[in-house]
Amino acid sequence: MRTSIVNQPATNNFSRKANITGAVLLSSFCLVGMTSCENEDDEPIVDTVSQQDKNFAMSSSAFVNAQISFGELALANGEDDSILEYSRMLVDENSASKTELEGIVEGKDVELSGGITADMQAKYDELAVLSGVEFDKAFIRTQIEILDDSKSMFENQIDNGQNFTIKGYADKTLGQVKDHKTKAVVVKAEVDIENL
(Lines give C-alpha, C1' and ligand atoms only; values in the text may rest on other atoms or scores of the structure.)
Protein backbone atom coordinates (compact mmCIF):
# COMPACT_ATOMS: atom_id res chain seq x y z
CA MET A 1 0.00 0.00 0.00
CA ARG A 2 2.81 2.31 0.78
CA THR A 3 4.33 1.77 -2.69
CA SER A 4 1.20 2.87 -4.50
CA ILE A 5 0.99 6.04 -2.40
CA VAL A 6 4.58 6.93 -3.33
CA ASN A 7 4.01 6.36 -7.10
CA GLN A 8 0.71 8.20 -7.24
CA PRO A 9 2.06 11.72 -6.49
CA ALA A 10 4.81 11.29 -9.11
CA THR A 11 2.21 10.49 -11.79
CA ASN A 12 -0.04 13.36 -10.70
CA ASN A 13 2.97 15.68 -10.61
CA PHE A 14 3.83 14.83 -14.26
CA SER A 15 0.22 15.35 -15.39
CA ARG A 16 0.05 18.65 -13.54
CA LYS A 17 3.30 19.87 -15.19
CA ALA A 18 2.07 18.82 -18.64
CA ASN A 19 -1.20 20.71 -18.10
CA ILE A 20 0.64 23.83 -16.94
CA THR A 21 3.06 23.65 -19.88
CA GLY A 22 0.15 23.27 -22.32
CA ALA A 23 -1.68 26.22 -20.77
CA VAL A 24 1.44 28.41 -20.94
CA LEU A 25 2.02 27.52 -24.61
CA LEU A 26 -1.62 28.18 -25.49
CA SER A 27 -1.48 31.55 -23.75
CA SER A 28 1.72 32.44 -25.60
CA PHE A 29 0.17 31.65 -28.99
CA CYS A 30 -2.89 33.73 -28.14
CA LEU A 31 -0.76 36.70 -27.05
CA VAL A 32 1.38 36.52 -30.18
CA GLY A 33 -1.73 36.37 -32.35
CA MET A 34 -3.34 39.31 -30.55
CA THR A 35 -0.13 41.34 -30.74
CA SER A 36 0.25 40.81 -34.48
CA CYS A 37 -3.37 41.87 -35.06
CA GLU A 38 -2.86 45.05 -33.06
CA ASN A 39 0.22 46.16 -35.00
CA GLU A 40 -0.92 49.31 -36.76
CA ASP A 41 2.15 49.35 -39.02
CA ASP A 42 1.01 46.22 -40.86
CA GLU A 43 -0.43 46.99 -44.28
CA PRO A 44 -3.86 45.46 -44.77
CA ILE A 45 -4.10 42.71 -47.35
CA VAL A 46 -6.18 44.09 -50.21
CA ASP A 47 -7.93 41.63 -52.48
CA THR A 48 -10.17 44.19 -54.17
CA VAL A 49 -9.38 45.20 -57.74
CA SER A 50 -8.88 48.85 -58.72
CA GLN A 51 -9.09 50.35 -62.21
CA GLN A 52 -5.27 50.45 -62.20
CA ASP A 53 -5.21 46.69 -61.55
CA LYS A 54 -7.68 46.07 -64.39
CA ASN A 55 -5.71 48.24 -66.82
CA PHE A 56 -2.49 46.47 -65.90
CA ALA A 57 -4.04 43.02 -66.31
CA MET A 58 -5.22 43.93 -69.81
CA SER A 59 -1.88 45.49 -70.83
CA SER A 60 0.33 42.81 -69.31
CA SER A 61 -1.72 40.00 -70.85
CA ALA A 62 -1.35 41.66 -74.28
CA PHE A 63 2.41 41.94 -73.64
CA VAL A 64 2.71 38.28 -72.66
CA ASN A 65 0.66 37.22 -75.71
CA ALA A 66 2.98 39.27 -77.93
CA GLN A 67 6.09 37.70 -76.41
CA ILE A 68 4.69 34.22 -77.03
CA SER A 69 3.92 35.20 -80.65
CA PHE A 70 7.40 36.66 -81.17
CA GLY A 71 9.00 33.56 -79.69
CA GLU A 72 6.97 31.24 -81.94
CA LEU A 73 7.84 33.36 -84.99
CA ALA A 74 11.54 33.20 -84.10
CA LEU A 75 11.37 29.42 -83.77
CA ALA A 76 9.97 29.30 -87.32
CA ASN A 77 12.11 32.00 -88.98
CA GLY A 78 15.29 32.09 -86.89
CA GLU A 79 18.57 30.47 -87.84
CA ASP A 80 21.15 31.01 -85.10
CA ASP A 81 21.17 28.46 -82.26
CA SER A 82 21.27 31.22 -79.63
CA ILE A 83 18.15 32.82 -81.19
CA LEU A 84 16.33 29.48 -81.20
CA GLU A 85 17.28 28.77 -77.58
CA TYR A 86 16.23 32.26 -76.49
CA SER A 87 12.93 31.88 -78.38
CA ARG A 88 12.09 28.58 -76.67
CA MET A 89 12.68 30.24 -73.31
CA LEU A 90 10.51 33.18 -74.38
CA VAL A 91 7.60 30.93 -75.31
CA ASP A 92 7.90 28.69 -72.25
CA GLU A 93 8.28 31.41 -69.62
CA ASN A 94 5.64 33.73 -71.08
CA SER A 95 3.20 30.84 -71.43
CA ALA A 96 3.73 30.11 -67.72
CA SER A 97 3.18 33.83 -66.94
CA LYS A 98 -0.03 33.82 -68.97
CA THR A 99 -1.35 30.79 -67.08
CA GLU A 100 -0.38 32.38 -63.75
CA LEU A 101 -2.18 35.64 -64.56
CA GLU A 102 -5.30 33.76 -65.69
CA GLY A 103 -5.33 31.98 -62.34
CA ILE A 104 -4.87 35.22 -60.40
CA VAL A 105 -7.81 37.02 -62.04
CA GLU A 106 -10.15 34.02 -62.09
CA GLY A 107 -13.34 34.92 -60.25
CA LYS A 108 -12.49 38.64 -60.27
CA ASP A 109 -14.07 41.34 -62.42
CA VAL A 110 -10.96 41.55 -64.63
CA GLU A 111 -10.62 41.08 -68.39
CA LEU A 112 -7.48 39.83 -70.09
CA SER A 113 -6.40 40.50 -73.65
CA GLY A 114 -6.95 37.72 -76.14
CA GLY A 115 -4.45 39.15 -78.60
CA ILE A 116 -1.69 41.72 -78.99
CA THR A 117 -1.67 45.50 -79.41
CA ALA A 118 -1.61 47.18 -82.84
CA ASP A 119 1.94 48.40 -82.13
CA MET A 120 3.14 44.87 -81.37
CA GLN A 121 1.30 43.54 -84.43
CA ALA A 122 3.16 46.06 -86.62
CA LYS A 123 6.52 44.89 -85.19
CA TYR A 124 5.48 41.26 -85.69
CA ASP A 125 4.50 41.94 -89.33
CA GLU A 126 7.88 43.59 -90.01
CA LEU A 127 9.69 40.53 -88.64
CA ALA A 128 7.44 37.96 -90.32
CA VAL A 129 8.74 38.79 -93.81
CA LEU A 130 12.36 38.14 -92.76
CA SER A 131 14.27 34.90 -92.32
CA GLY A 132 17.74 33.62 -91.51
CA VAL A 133 20.43 36.05 -90.41
CA GLU A 134 18.32 39.08 -91.33
CA PHE A 135 15.54 37.83 -89.11
CA ASP A 136 17.90 36.97 -86.23
CA LYS A 137 19.40 40.47 -86.11
CA ALA A 138 16.06 42.28 -86.43
CA PHE A 139 14.34 39.97 -83.94
CA ILE A 140 16.86 40.40 -81.13
CA ARG A 141 17.00 44.19 -81.60
CA THR A 142 13.20 44.28 -81.44
CA GLN A 143 13.25 42.14 -78.29
CA ILE A 144 15.62 44.50 -76.49
CA GLU A 145 13.46 47.47 -77.48
CA ILE A 146 10.20 45.77 -76.38
CA LEU A 147 11.66 44.66 -73.05
CA ASP A 148 13.03 48.15 -72.33
CA ASP A 149 9.68 49.75 -73.15
CA SER A 150 7.67 47.29 -71.04
CA LYS A 151 9.48 47.84 -67.73
CA SER A 152 7.52 50.99 -66.86
CA MET A 153 4.19 49.10 -67.13
CA PHE A 154 5.27 46.67 -64.41
CA GLU A 155 6.91 49.34 -62.25
CA ASN A 156 3.74 51.44 -62.40
CA GLN A 157 1.65 48.49 -61.17
CA ILE A 158 4.09 47.78 -58.34
CA ASP A 159 3.93 51.43 -57.24
CA ASN A 160 0.24 52.17 -57.85
CA GLY A 161 -1.65 48.89 -57.95
CA GLN A 162 -4.07 48.02 -55.18
CA ASN A 163 -4.55 44.25 -55.43
CA PHE A 164 -1.72 42.50 -53.58
CA THR A 165 -1.75 39.39 -55.78
CA ILE A 166 -1.66 41.35 -59.03
CA LYS A 167 1.12 43.54 -57.61
CA GLY A 168 3.05 40.38 -56.71
CA TYR A 169 2.59 39.12 -60.26
CA ALA A 170 3.88 42.47 -61.59
CA ASP A 171 6.96 42.26 -59.39
CA LYS A 172 7.71 38.67 -60.41
CA THR A 173 7.15 39.39 -64.11
CA LEU A 174 9.33 42.53 -63.97
CA GLY A 175 12.14 40.28 -62.74
CA GLN A 176 11.50 37.99 -65.70
CA VAL A 177 11.52 40.94 -68.13
CA LYS A 178 14.88 42.11 -66.75
CA ASP A 179 16.27 38.58 -67.04
CA HIS A 180 15.05 38.29 -70.64
CA LYS A 181 16.64 41.67 -71.45
CA THR A 182 19.99 40.55 -70.01
CA LYS A 183 19.85 37.35 -72.05
CA ALA A 184 18.77 39.24 -75.19
CA VAL A 185 21.82 41.52 -74.93
CA VAL A 186 24.08 38.45 -74.73
CA VAL A 187 22.32 36.81 -77.70
CA LYS A 188 22.62 40.03 -79.73
CA ALA A 189 26.38 40.09 -79.10
CA GLU A 190 26.68 36.44 -80.19
CA VAL A 191 24.63 37.01 -83.36
CA ASP A 192 26.61 40.15 -84.24
CA ILE A 193 29.98 38.43 -83.75
CA GLU A 194 28.99 35.35 -85.74
CA ASN A 195 27.78 37.48 -88.66
CA LEU A 196 30.58 40.02 -89.02
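Residues numbered from 1 in each chain as written. Predicted model: local features only at pLDDT ≥ 70, side-chain atom pairs only at ≥ 80, totals over all residues. Heavy atoms only, no water.

Student: Help me understand helix α6 (residues 164-194), please; the structure alone is not making it clear to me.
Tutor: Structural remark: α-helix, 3.6 residues per turn; residues separated by three or four positions point the same way. Taking 1.5 Å of rise per residue, 31 residues should cover 45 Å, and α6 covers 45 Å from first to last C-alpha, within 8% of that figure. Those residues of α6 lying buried are Ile-166, Tyr-169, Ala-170, Thr-173, Leu-174, Gln-176, Val-177, His-180, Lys-181, Ala-184, Val-187 and Val-191. Each element contacted by the buried residues of α6 is listed here: α2 (51-77), α3 (81-105) and α5 (132-160). Of the residues that open α6, the one with a side-chain oxygen 3.0 Å from the backbone nitrogen of Thr-165 is Asn-163. (Helix = DSSP H or I, 4+ residues; strand = E, 2+ residues; numbered from the N terminus. Expected span 1.5 Å × (residues − 1). Buried < 20%, exposed > 50% of the residue type's maximum accessible area, 1.4 Å probe, protein only. Contact = heavy atoms within 4.5 Å. Polar contact = N/O pair within 3.5 Å; in protein donor to acceptor, adjacent residues only side chain to side chain.)

Student: Is there a simple way to think about the confidence of the model for the chain in this case?
Tutor: Across the chain, the average pLDDT comes to 86, with 76% of residues at or above 70. Predicted confidence is poor over residues 1-6, with pLDDT under 50, and the contacts of this stretch with residues over four places away or in other chains come to 0 contacts. (pLDDT = per-residue confidence, 0-100.)

Student: Would you mind showing me how to read a negative patch on the surface here?
Tutor: Taken together, the side chains of Asp-81, Glu-85, Glu-190 and Glu-194 present a region of like negative charge at the surface. Of all elements in the fold, only α3 and α6 reach the threshold of two or more residues within the negative patch. Along the chain, Asp-81 turns up in helix α3. Residue classification places Asp-81 among the exposed residues on the basis of a relative accessible area of 60%. (Patch = residues over 30% accessible without salt bridge, like charges linked within 9 Å, V, L, I, M, F, W, Y side chains within 5 Å. Areas by Shrake-Rupley, 256 points an atom, 1.4 Å probe, with all protein chains shown as cover. Salt bridge = Lys/Arg side-chain N within 4 Å of Asp/Glu carboxyl O. Lys, Arg positive; Asp, Glu negative; His and termini not counted. Charge placed at Lys NZ, Arg CZ, Asp CG, Glu CD.)

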